[in-house]
Amino acid sequence: MSNVNKKKLPVGIESFEKIRTQDFYYVDKTVMIRDLIQRWGEVNLFTRPRRFGKSLNMSMLKAFFEIGGNRALFDGLKISEEKEICEEYMGKFPVISISLKDVEGSDYDVARTLLCSVIGNEALRFYELLKSSPKLNEVERRQYEQLVCTDHEQRGSFAMSDSVLMGSLKTLSSLLEKHYEKKVILLIDEYDVPLSKANEQGYYNEMVFLMRNLLQQVLKTNSSLYFAVLTGCLRVAKESIFTGLNNFKIYSITDVRFDEYFGFTDSEVKEMLAYYGQEAKVQTVREWYDGYHFGTLDVYCPWDVISYCDDLIDDKDAAPKNYWINTSGNDVVRHFIEKMGNGVMKGEMEALIDGKEVEKEIHEDLTYHEIYDSVNHLWSMLFMTGYLTRQEPADGDRYKLVIPNLEIRSIFIRQIMAMFKKEVSKDGKLLESFCNALEQGNAAEVEKLFSSYLKKSISTRDTFVQKTLKENFYHGILLGILGYKDGWILKSNKESGNGYSDIWIYDEEKELGIIIEVKYAEESQFEVVCREAIAQIDKNRYAEELREEGCHSILKYGIACYKKRCQVTVVKEKVE
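Note that the coordinates shown come from a computational prediction; the quantities given were computed from them, not determined experimentally. (Residues numbered from 1 in each chain as written. Predicted model: local features only at pLDDT ≥ 70, side-chain atom pairs only at ≥ 80, totals over all residues. Heavy atoms only, no water.)

Caption draft 1: How the structure looks around the pairing of strand β5 (residues 184-189). Most of β5 is tucked away: 6 of the 6 residues are buried. With burial as the criterion, each face of β5 is covered, one bearing V184, L186 and I188 and the other bearing I185, L187 and D189. As defined by bridge partners, strand β2 (residues 95-99) adjoins β5 across 5 bridges and the pair is classed as parallel. Opposite S97, over in β5, you have L187 as the bridge partner. As paired strands, β5 and strand β6 (residues 225-232) are joined by 5 bridges and run parallel to one another. When the sheet's bridge partners are listed, I188 is paired in β6 with L230. (Buried < 20%, exposed > 50% of the residue type's maximum accessible area, 1.4 Å probe, protein only. Helix = DSSP H or I, 4+ residues; strand = E, 2+ residues; numbered from the N terminus. Pairing = 2+ DSSP bridges.)

Caption draft 2: Representation of the side chain of D507. Inspection of the secondary structure assignment puts D507 in strand β14 (residues 503-507). Despite its burial, D507 pairs with no opposite charge; the closest candidate is K510, at 4.5 Å N-O. Within the structure, the side chain of D507 is placed 3.2 Å from the backbone nitrogen of E509, a separation counted as a polar contact. In this structure the side chain of D507 is engaged in a polar contact, spanning 3.2 Å, whose partner is the backbone nitrogen of K510. If near-sequence neighbours (up to four positions away) are discounted, D507 is found in contact with E439, G487, W488 and L512. (Lys, Arg positive; Asp, Glu negative; His and termini not counted. Salt bridge = Lys/Arg side-chain N within 4 Å of Asp/Glu carboxyl O. Polar contact = N/O pair within 3.5 Å; in protein donor to acceptor, adjacent residues only side chain to side chain. Contact = heavy atoms within 4.5 Å.)

Caption draft 3: Fine view of the sheet that holds strand β12 (residues 398-402). Strand order in this open sheet of 3 strands is β10-β12-β11, and the pairing throughout is antiparallel. Of all strands in the sheet, those bounded by a partner on one side alone are β10 (358-361) and β11 (389-390). Two elements, β10 and β12, share 4 bridges in a ladder whose sense is antiparallel. Across the sheet, residue E359 finds its bridge partner in β12, namely K400.

Caption draft 4: Region of the structure containing the environment of P10. For P10, the location among the structural elements is in the segment before α1 (16-21). Overall, the relative accessible area of 8% leaves P10 in the buried class. Along the chain, P10 and F24 lie 14 residues apart, while their C-alpha atoms are 5.8 Å from each other. Excluding residues within four positions of it along the chain, P10 makes contact with I19, F24, Y25 and I306.

This is the structure we're talking about:
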């Protein structure tokens, strides 16, 4: 099916207005508006992992409720069928809408300046309105001027005192109510990013104090507020920044309400793939990007589905990629792997990599300051941020956790490999012994030493992943070892949907070439698999380039791996 004249895919676009006016593909989530109106609390917090449509939904809410908005944006969408709701609510409210996702300064002063900028720029949206509003008195106009006042010595940054900044959102909502004679809807996207970054950079206490005062004033003692919607990754404990807030409704990944509005459902993914003529990729997309359980619903990560579908339009044979890893540093996984050690946690990690479940007690009301205090808190964080998902309904606070899909599995393996390479580099003696055995054609010693490396890493077993991905795992371990050998030219085929083909080593000084084919031994049939590996090297002429380089001796290795065991076969070739 041709994709000519098809809608563009909104890769990375979080503006509802842009998607609707610039002919981008849109998965209709507008019924969320109806459900929010029918069920809202004064303060509503939605917690979801990164890249699950939080920001786009907030943009949609702003477009629907804001006075002066473009009603045509909703033509043909599901909410337009709710005539009474549209008549009563569409375009009827002043809306304050801010995102805190970029408030991530290297120190408190930088973060505070960024927060002032976010709020100051939102206040500037109403400049023509409030600067000359006949409904505001002189005192109120001066209050507004404090919100948009800039410091010319600081390159035009907004110059709010602490008291002005902490009361800024309440002040702005009060002024808007006075002008419009309508209570205000407040939208705060990624409310917890400043706390997360502050914890990472060492100014957490200062940021908690600032955010507590800012949010309490606008959410707790604000008669101008109609209702507020906040989004974030973590449900920060109420005693941290929401002390005494009783008008609070929290919708987390464990709640049934609103479960279908963040993430794509199976039918939505099938419809998108069919629209672009990619029906054959349904199973691949499911294996790589599905598996998250919100409430009672099974959902896909929208960012990944859109990104992969976009790649498929240009290349129908495009392999799935890890798109999510580029959106964050994955610090929580790194901390988890570092704490793993060689005991119970390592066994649990192996079970997860293998597609099995691990039962853990989950606490959703942590603070960012507590996350790295204990391994138990890390389990909770991995669950709430999407690296783990629940297998079935919880038993109280205990959840049966699994890795949701192949993409997240690859993130764990990447961090495991990074730690493994770090450990390998510390043992120079073992590294040298392995490389010496390899270049001497000593298959028995290579087998013994490689087995010792496998015991230090995470094993992969018979479930959850395809055979080629298991081979990639062992291939990665071997590359992690060989990468530290000086004097060798090392080449490896890049990872693809079909796995790796070979490792190619050239020692110019010794005129020596080495070819290694790593295979996974189903049901531990080592002998057969080793022979297949050698046959593949010969059939695909992997050694031809080494002969052209002038190698007088070429070693062909077939390595069969199963769990933490391996068998090694070598064939020696003399080149005349």
